[in-house]
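# Coordinates in review
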Amino acid sequence: MASLFSSINFHQNAPVSLVASSFRRQTSHPIHYLFRFNRTRGVDTTKATRSVIRCISAKNPSVEFSDISNLPSMSYISTLFHGVKKLESTIAAILIFVQISSPLPLFGYNSWSISPAKAVLYSPDTKVPRTGELALRRAIPANANMKAIQESLEDISYLLRIPQRKPYGTMEGNVKRAIKIAMDEKESILGSIPEDLKEKGSMLHASLIDGKGRLQSLLASIKDNDPDRVSVDLASSLDTVAELELLQAPGLSFLLPEQYLKYPRLTGRGTVEFTIEKGDGTTFSPASGGEPRKSAIIQVVLDGYSAPLTAGNFAKLVVDGAYDGVKLSSTNQAVLSESGLGKNRGYNVPLEIKPAGQFEPLYKTTLSVQDGELPVLPLSVYGAVAMAHSEVSEEYSSPYQFFFYLYDKRNAGLGGLSFDEGQFSVFGYTTVGRDILPQIKTGDVIQSAKLVEGRDRLILPDEN
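Keep in mind that this is a model prediction, so the values were computed, not measured. (Residues numbered from 1 in each chain as written. Predicted model: local features only at pLDDT ≥ 70, side-chain atom pairs only at ≥ 80, totals over all residues. Heavy atoms only, no water.)

### What about the overall build of the protein chain?
This is how the line gets drawn: For the purposes of this entry, the term helix denotes a DSSP run of H or I that reaches at least four residues, the term strand denotes a run of E that reaches at least two, and both are numbered from the N terminus. Summary of the burial criterion: residues with accessible area below 20% of their type's maximum are buried, those above 50% are exposed, and those between are partly exposed, where the area comes from a 1.4 Å probe applied to protein chains only. Any pair of residues with heavy atoms lying within 4.5 Å of one another is described as a contacting pair. Accessibility throughout is a Shrake-Rupley quantity obtained with a 1.4 Å probe, and a residue counts as covered only by protein chains that appear here.
Broken down by element type, the protein chain carries 10 helices and 16 strands. Burial status across the protein chain gives 43% buried among its 464 residues. For the protein chain, the share of sequence-separated contacts (at least 6 apart) that also reach a separation of at least 24 residues comes to 72%. Taken as a whole, the protein chain presents about 24500 Å² of accessible surface, with 54% of it coming from carbon and sulfur.

### Points about helix α10 (residues 308-319)
Definition in use: Under the convention used throughout, the expected extent of a helix is 1.5 Å for every residue step, that is, one less than its residue count.
Compared with an ideal rise of 1.5 Å per residue, which puts 12 residues at 16 Å, α10 spans 16 Å between its outermost C-alpha atoms and is within 8% of the ideal. In terms of burial, α10 is largely enclosed, as 10 of its 12 residues are buried. For α10, the complete set of buried residues consists of Pro308, Leu309, Thr310, Ala311, Gly312, Asn313, Phe314, Ala315, Leu317 and Val318. Trailing α10 by a residue or two, Gly321 shows a phi angle of about 75°, which is positive.

### Re the nonpolar core
Test applied: Only buried residues count toward a nonpolar core. Its members are Ala, Val, Leu, Ile, Met, Phe, Trp, Tyr and Cys residues joined through side-chain atoms within 4.5 Å.
In terms of nonpolar packing, the biggest core is built from 35 residues, with Phe274, Leu302, Phe314 and Tyr323 touching the most fellow members. Elements supplying a minimum of two residues to this core: β6 (269-277), β7 (295-303), α10, β8 (326-330), β12 (384-389), β13 (397-405) and β15 (445-453). Per-element accounting of this core gives the leading share, five residues, to α10. Filtering out sequence-adjacent residues up to four positions away, Leu302 remains in contact with Leu266, Gly268, Arg269, Gly270, Val272, Ala311, Phe314, Ala315, Phe427, Gly428 and Leu451. Listed in part, the 29 residues of the second largest apolar core include Ile149, Leu153, Ala182 and Ile209.

### Quick word on the pattern of salt bridges
Heads up, the condition is: Salt-bridge detection follows one rule: a side-chain nitrogen of Lys or Arg within 4 Å of a carboxyl oxygen of Asp or Glu.
As enumerated under the stated definition, the model contains 13 salt bridges in all. For Lys180, the salt bridge is made with Asp184, and the minimal N-O distance between the two is 2.6 Å. Of the two residues, Lys180 and Asp184 both sit in helix α5 (residues 168-184), four residues apart, roughly one turn of that helix. The class of Lys180 is exposed, set by a relative accessible area of 53%. A residue is classified by how much of its surface remains accessible, and Asp184, at 48% relative accessible area, is partly exposed. Bridged by salt links that share partners, the residues Arg137, Arg138 and Glu154 form one connected network.

### Examining the packing of α5 against helix α8 (residues 215-223)
Which entries qualify depends on this criterion: Axes here mean lines fitted to C-alpha atoms, for a helix over just the part in contact, with angles spanning 0 to 180 degrees between N-to-C directions. Note on terminology: angles under 35 degrees are roughly parallel, angles over 145 are roughly antiparallel, angles of 65 to 115 are roughly perpendicular, and the others are oblique. The crossing is said to be left-handed when, going from far helix to near helix, the turn is anticlockwise and less than a right angle, and right-handed when the turn is clockwise.
It is the contact of α5 with α8, at a shortest axis distance of 9 Å, that shows an interaxial angle of 165°. Taken together, the axis directions place α5 and α8 in an arrangement best described as roughly antiparallel. Pair α5 / α8 crosses with left-handed handedness. Note on element contacts: α8 touches α5 through Leu215, Gln216, Leu218, Leu219, Ile222 and Lys223, opposite Tyr168, Met171, Glu172, Val175, Lys176, Ala178 and Ile179.

### Quick notes on the confidence of the model for the protein chain
Where the model shows low pLDDT, its predicted coordinates should not be examined in detail. How we decide: pLDDT measures how confident the predictor is about each residue, on a scale from 0 to 100.
For the protein chain, mean pLDDT is 78; residues scoring 70 or higher make up 71% of the total. Of the regions scoring below 50 in pLDDT, residues 1-77 engages in 119 contacts with residues more than four places distant in sequence or in other chains. This stretch, residues 100-125, has a pLDDT under 50; its non-local contacts, to residues over four places away or in other chains, come to 38 contacts.

### Considering α5
The following threshold applies: Arc definition: directions from the helix axis to the C-beta atoms.
Taking 1.5 Å of rise per residue, the 17 residues of α5 would be expected to cover 24 Å, and the 24 Å separating its terminal C-alpha atoms lies within 8% of that figure. The set of residues buried in α5 consists of Tyr168, Met171, Asn174, Val175, Ala178, Ile179, Ile181 and Ala182. Looking down the long axis of α5, one finds its buried residues gathered within 165° of arc, a one-sided arrangement. α5 presents Gly169, Lys180 and Met183 as exposed residues on the side facing more than 90 degrees away from its buried surface.

### Quick word on the side chain of Thr275
The topology assignment puts Thr275 in strand β6. When sequence neighbours within four positions are dropped, the list of residues in contact with Thr275 reads Ser295, Ala296, Ile297, Val445, Ile446, Gln447 and Ser448.

### Some words on the pairing of β7
Rules: Whether two strands pair comes down to DSSP finding at least two bridges between them.
Where β6 and β7 come together, nine bridges link them in antiparallel fashion. Bridge pairing links Phe274 to Ile298 in β7. Sheet topology places β7 next to strand β14 (residues 425-432); four bridges connect them, and they run antiparallel. Opposite Val300, over in β14, you have Thr430 as the bridge partner.

### Some words on the sheet that holds β8
The strand order around the closed barrel formed by eight strands is β6-β7-β14-β12-β13-β9-β8-β15, and the pairing between neighbours is antiparallel. For this sheet the average axis-to-axis angle between neighbouring strands, irrespective of direction, equals 35°. Running at roughly 115° to β15, α10 makes contact with β6, β7, β12, β13, β14 and β15 of the sheet.

Here it is, written out as structure tokens:
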């Protein structure tokens, strides 16, 4: 059908009268502004295309006409156009009647809808983590039974967003399913925990089922149809699930390629605490109230499970004091550290992104989000922490420069994904002080950065 219509790609300033029946040009990259972070580049903007009027012949699709006056027979095309429109209307009426009388999927009709390549960016149903805590929990390489419990409980988070009448019956079924798995698969769950951590694991397992504020309490809150209590008890249960999963993941679940053993690596989780100081004498205002202060604390959890090289390089820089006294710059999309030009610090780590559903990270390659590839650690989360690109090659991350991503759904596709998703090595998330990030201005300073947790998981090249 599409070959019978005029396809008009027009400049934004083209007269509206030109647009009689326009279709958006199907490209692999939707029109948007890409924001690239590195030492030399700022914002790249898309180039507007010139006006082009194409009429594709149904018999010979390769024939193009650059001017309407050159068309062979306007009256013939007009008659054909109206005939096709009538045929379309008739087919649409028949399809509607068939669908009403027999509500079955209309196989083959999807070919007229949005292309699969755009389905991820433009689908509002894309279930990507919306908080750093959720992204970090999903990234833990834990026992399959624990992941089943986790997924069952996380579904309740989506159900709670439904306005008015909430599906409490479905929520109750999810919790009962989680309890059944926890009880029936207790041996398997505890068997995945190292021997020296089994006692702590047993206590957490018992607490998950019967402890105060855990699954039984969550079940009671659901039966009382109390959404506020459900939300609190759900968060408590998921925290316990994450604690158990972390016990099951004492190190990496995959072997790094031999050529990458020369880099520092983080074989689990770590926590970095930043003290940020105002550079212009003004103050930070805590969201929770309290007195304004000239300095503020931000905590970032590093995820070595999904980005061991990137997180390891960053953790080593923190231990070496490389970020103490470093100035920050702020844009509407990120808080960016200094580039580190002239400083012989950090390793040239290859771009490192672990796709969802994969066993290990990919190196030196980006993800094709429009083809459905999503990272385990998404950029589309407020407070995501990632390395800028290397000035030399985008197959490598900067050895030093990092940024806090200030995700804003207004600058994203309808699926809630950043247009830069899958392009940077994300290695952690801000878990404390997210309210401070938008208050950081250009010229503010990292007074200090400390690795407060995870030093025992940081492996340096000379420690092999």
